[in-house]
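Structural features, examined
Listed below are the residues making up each chain.
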Amino acid sequence: MTATRLLNERGFRHEALLYAGMDQFVARTVPFIMDALEADEPILVVVSRPKIELLRTAVGRDADRVEFRDMAEVGANPARIIPAWQDFVEAHANDGRRLRGIGEPIYPERTAPELVESQRHEALLNAAFDGGPDFWLLCPYNTQALNPTVVKTARLTHPVIADGHSTSASDLYPGAAASVTPYDRPLPEPSSLRATLMFDAQRLAAVRRLVSREAANAGFATRPIADLVLAVNEVATNSAQHGGDAGTLRVWRDGGVLVCEVHDRGHFKDPLADRRKPAPGRDGGRGLWLANQLCDLVQVRSLSSGTTVRLHMHRDRSR
Amino acid sequence: MGDMPPRQQQLDRCIYPRPFAEDFADCPAYQATSFLASDSRNQPLGEWRTCRHLTAGNELENRGRFYPRCALGSRPQRLQWLAQVSPARLDVVRALQDEFDGFSMPHRRQLSEARSRLHAGSRSGALEAEIQELIEGFLEAIDRFLNANDARFHDVGLPTQPLRLLIREWVLAWVRTPEMATPRLPDAALEVFANPVRAFVGLPTEPAAEWTRRLWDRPIYSDTILQILPTVDPPGIALVGDVEASNVQAVQRALAGLPATEGDVHLDLSGLLFCDLGGLQAIVRAAQALEPGRRLVLHGIPRQLERALEIVDWAPLPNLSIASAATSVEKAAYQS
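Residues numbered from 1 in each chain as written. Chains lettered and ligands numbered in written order. Predicted model: local features only at pLDDT ≥ 70, side-chain atom pairs only at ≥ 80, totals over all residues.

1. As for the nonpolar core
Grouped together as the largest cluster of nonpolar side chains are 102 residues, with contacts concentrated most on L228, A231, V232, C260 and L311 of chain A together with L239 of chain B. The biggest single contributor to this core is helix α9 (residues 222–242) of chain A, with 10 residues. (Core = buried A, V, L, I, M, F, W, Y, C linked by C-beta atoms within 7 Å. Buried ≥ 20, exposed ≤ 12 C-beta atoms within 10 Å, placed from the backbone. Helix = DSSP H or I, 4+ residues; strand = E, 2+ residues; numbered from the N terminus.)

2. So, the confidence of the model for chain B
The predicted coordinates ought not to be read in detail in places where the model reports low pLDDT. Residue and element names in this part refer to chain B. On average, chain B scores 79 in pLDDT, and the residues at 70 or more come to 79%. Counting interchain partners and residues more than four positions distant, the pLDDT-below-50 stretch residues 1–6 has 0 contacts. Note on residues 327–336: pLDDT under 50 across the span, and 19 contacts to partners over four residues away in sequence or across chains. Model confidence for the complex is summarised by a pTM of 0.87, with the ipTM given as 0.87. (pLDDT = per-residue confidence, 0-100. Contact = placed C-beta atoms within 7 Å.)

3. Observations regarding the sheet that holds strand β9 (residues 246–254) of chain A
Residue and element names in this part refer to chain A. Taken in spatial order, the 5 strands line up as β8-β9-β10-β12-β11 in an open sheet, and their pairing is antiparallel. Only two strands of the sheet have a single partner each, and these edge strands are β8 (195–200) and β11 (297–303). Taken over all neighbouring pairs, the strand axes of this sheet differ in orientation by 15 degrees on average, direction set aside. Relative to β11, helix α6 (residues 112–129) is tilted by about 60 degrees, and along the sheet it contacts β11 and β12 (306–314). (Pairing = 2+ DSSP bridges. Axes fitted to C-alpha atoms, helices over the stretch in contact; angles between N-to-C directions.)

4. Thoughts on the confidence of the model for chain A
Residues and elements named next belong to chain A. Overall, the predicted model of chain A reaches an average pLDDT of 92, with 94% of residues at or above 70. The secondary structure element of chain A with the lowest average pLDDT is helix α1 (residues 3–6), at 46, and the one with the highest is strand β2 (residues 43–47), at 98. Counting contacts from residues 1–6, a segment whose pLDDT is below 50, to residues more than four positions away or on other chains yields 6 contacts.

5. Brief notes about the sheet that holds strand β5 (residues 135–142) of chain A
Residue and element names in this part refer to chain A. Here we have 7 strands laid out as an open sheet, ordered β3-β2-β4-β5-β1-β6-β7, and mixed in their pairing. With partners counted over all chains shown, the strands left at the sheet margins are β3 (67–70) and β7 (167–169), one partner each. On average, each strand axis in the sheet is tilted by 20 degrees relative to the strand beside it, whichever way the strands run.

6. Overview of the pairing of strand β9 (residues 265–275) of chain B
All names here are of chain B. Within β9, 11 of the 11 residues are buried, which leaves the element mostly enclosed by the surrounding structure. Where strand β8 (residues 236–243) meets β9, 7 bridges bridge the pair, whose relative direction is parallel. Looking at the pairing, I237 lines up with L267 of β9. In terms of strand pairing, β9 meets strand β10 (residues 296–299) through 4 bridges, oriented parallel. From the neighbouring strand, V265 faces β10, where its bridge partner is L296. Remark: the β9/helix α8 (residues 277–288)/β10 crossover connection has right-handed handedness. (Right-handed = clockwise from strand over helix to strand, strands pointing away.)

7. What about the interface of chain B and chain A?
Across the boundary between the two partners, chain B contributes 31 residues, which contact 30 residues of chain A. It is helix α2 (residues 87–119) of chain B that provides the largest number of residues to the side of chain B that touches chain A, a total of 7 residues. In the side of chain B that touches chain A, the residues fall into 18 nonpolar, 4 polar and 9 charged. (Nonpolar A, V, L, I, M, F, W, Y, C, P; charged D, E, K, R; others polar.)

What follows is the structure, encoded as structure tokens:
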């Protein structure tokens with residue numbers, strides 16, 4: 001791949017923007033927004049609430065022509081971000097204009113599992129939008145606040161890197177399909193378990209009861225308990241139907257987070273399977289999508305050794 | 001002895017193996033409780049695990065013989081009770097009771113010991129003062145527990161302020177009354193609370209809203225977790241229990257077999273304890289299959305199912321109508 005192809009104006013342009021501190025953030029994103037407005041290109045900006053306020057002020061009168069969304073709402077669970085971009089792309093599919101976006105899914109407050117999933121999300125963006133309509137997506141990385149190794153992964157997941165002075169092709173970017181490969185490996189083992197249960201299609205009720213009881217014991221309120229039970233049941237149902245007819249449920253706590261893991265011997269190839277919105281007329285694939293809407297974080301690893309899905313629920317989430 | 005007819009009078013028999021295993025979870029209404037058993041000479045027999053709903057029933061045809069009876073009644077009645085209490089609420093209350101038992105254990109033990117000295121006759125100013133101090137320590141610990149878990153109690157319909165007063169009275173009465181059992185979250189005192197809590201402790205409740213008249217004795221389908229019943233007035237079907245992958249086909253068949261008469265078709269979901277997306281899909285497809293002008297009307301849709309329907313965004317269908325939602329957990333009519 002050549003830099004000229006990567007930096008051209010057609011197709012999906014996935015660009016990491018490095019900045020240090022708020023002033024640089026504003027100085028480097030506002031021109032991008034202004035260019036979009038001048039060219040009458042639709043633009044969606046998904047960043048933190050304080051940054052939205054800064055950008056609104058800086059853009060001024062025309063800020064109402066920019067669609068802003070709070071990353072804490074859209075992307076607390078990073079698997080919900082691609083569907084949001086897809087909605088944006090579809091809404092303007094027939095405009096014939098290039099689309100622009102700014103999305104900052106990686107910020108210092110992310111927990112370790114959230115960070116991994118955010119990085120995996122950055123890699124999956126390539127597979128999700130490559131070959132699609134003209135769409136220029138800028139992903140800001142705060143070099144002042146983030147660990148240098150985290151900043152470095154931006155070069156692995158983005159074909160284009162900009163740092164305010166120059167824009168160039170990333171020499172580390174391995175291509176759309178290969179960029180997700182580093183995340184196709186087993187997740188770290190939990191230090192201690194609360195419960196383990198082997199199940200099949202006849203034992204789904206036992207799965208639900210175990211999850212409900214563990215969530216209640218961990219101090220959850222009734223609504224998140226019901227949400228978690230529904231999500232785990234859907235994932236376990238997938239295992240019982242497609243994952244070698246059986247699965248294993250493991251439950252543990254990680255601080256104020258309850259993690260329910262469903263493992264089976266099945267394998268699926270589509271890495272975007274958990275981000276496709278189900279239609280009532282279509283069978284299958286809906287369980288993981290629903291789990292992503294109900295849970296605070298869902299980690300999916302489908303390897304040749306089997307498929308593992310971890311559903312995370314915060315006890316003290318505000319929703 | 002000829003053929004034994006099914007014992008009509010034992011529909012409330014507990015069918016599960018006892019004593020209950022520590023991880024017993026087969027019965028969704030199961031509520032573990034333990035007591036210290038002793039023999040006729042007051043020698044301790046150890047701790048026994050039982051279910052708070054388990055009682056002794058008297059065999060009708062053989063007076064003097066007993067069978068394990070579920071106080072909640074027959075299976076349909078048990079499922080109705082569960083729908084009213086809601087499985088998640090049941091688990092939260094169970095967890096709160098366990099935590100109460102845990103932190104209160106040392107307090108109860110100390111107080112119990114001082115109490116037996118008091119009732120053994122060794123009344124003195126010093127003992128009175130000691131007991132007073134123990135009571136205050138216990139009540140403070142209870143206050144801390146209630147404050148720390150205020151949101152959880154509120155969530156299940158138990159506002160902590162009246163609960164605090166009830167527990168205080170219960171503790172004081174227990175110390176003064178030699179034959180009174182050890183204090184727990186006081187079941188019998190909970191009658192000031194709302195319907196789900198009243199149902200939980202087995203008190204009579206205001207009758208639950210009935211959207212349809214269900215024909216319990218003529219089930220269309222029945223397995224260990226689900227009953228599909230015909231309804232009249234209005235005509236349709238009722239789903240009672242759990243809909244999941246193992247029985248969703250039965251739901252599809254029942255929905256497809258709905259009378260092909262004129263007018264709307266009614267589906268009573270107020271007894272539904274759980275429904276997965278496959279079940280939801282079956283309902284939505286049944287609505288889609290109706291000819292224009294007819295509707296599938298959902299009655300008593302549980303909050304959780306309504307929420308799943310919102311998330312997958314399948315609800316805006318011309319043939320699907322949500323007539324009434326079940327009393328949601330959020331709306332639990334606690335009277336604070």
